[in-house]
Amino acid sequence: MSRIGKLPITIPSGVTVTVAAGNEVTVKGPKGTLSRKLSPDMTIAQEEGKLTVTRPNDLKRFKSLHGLTRTLINNMVVGVTDGYVKKLDIIGTGYRAAKAGKKLTLNLGYSHPVEMTDPEGVTSEVEGTNKIIVSGIDKEKVGQYAANIREKRSPEPYKGKGIRYEDEYVRRKAGKAGKK
């Protein structure tokens, strides 16, 4: 059995989960509604405030889908109750961020400012001038938007300048050796 797949998903109060035909799962909660079409091979059962995912047999394909299906549903439940947050730090002289409406403007040492628009269901905030907070209810969208922001100027190993996740460690390299 899959260690993750066999764990039941507890549904908190205030959250409703509906499983339609073809494993179309819809989760409604205090922060919003998420819907996703999952593999029709998995069996999703709901009883007494818990969801369980079972697989038809032990083929490799079903084993890999088992844990994935359970995790995707759990991420939807956590998203509509708590939401997801990614924090990014901007490090570098003259590097800064500004927010106007849904538009995020980044000055990252290029000859032009980089402008990004928040995708549907994801919001970004700027704290000070060098901290960006990306939040939303869909884990996949929040993570992808944060990765797209980081990609505009990834941290480099010599001076450590760039955009990095708050808890990310950048391994530093020694610079060029001087003449003696």
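Provided above is the structure to which this section pertains.
Because the structure is predicted, anything quoted here is derived from the model rather than measured. (Residues numbered from 1 in each chain as written. Predicted model: local features only at pLDDT ≥ 70, side-chain atom pairs only at ≥ 80, totals over all residues. Heavy atoms only, no water.)

A. The arrangement of the overall build of the protein chain in detail. Within the protein chain one finds two helices and 13 strands. Its C-alpha radius of gyration of 21 Å places the protein chain more than 25% over the 16 Å reference for a compact globule of 180 residues. Dimensions along the principal axes, computed over C-alpha positions, put the protein chain at roughly 70 × 45 × 25 Å. Within the protein chain, buried positions represent 36% of all 180 residues. (Helix = DSSP H or I, 4+ residues; strand = E, 2+ residues; numbered from the N terminus. Rg over C-alpha atoms; globule rule 2.2 N^0.38 Å. Buried < 20%, exposed > 50% of the residue type's maximum accessible area, 1.4 Å probe, protein only.)

B. Expanded view of unusual backbone geometry. In this model, Asn23 sits at a positive phi of 60°, which is unusual for a non-glycine residue. Residue position: Asn23 is located in the loop between β2 (16-20) and β3 (24-29). In this structure, Glu48 takes a positive phi of about 50° despite not being glycine. Inspection of the secondary structure assignment puts Glu48 in the loop between β5 (43-47) and β6 (50-54). A relative accessible area of 81% places Glu48 in the exposed class.

C. Just the pairing of strand β10 (residues 114-117), in detail. Residues Val114 and Met116 line the buried face of β10, whereas the alternating positions Glu115 and Thr117 sit on a face that is not buried. In terms of strand pairing, strand β9 (residues 103-107) meets β10 through four bridges, oriented antiparallel. Opposite Thr105, over in β10, you have Glu115 as the bridge partner. (Pairing = 2+ DSSP bridges.)

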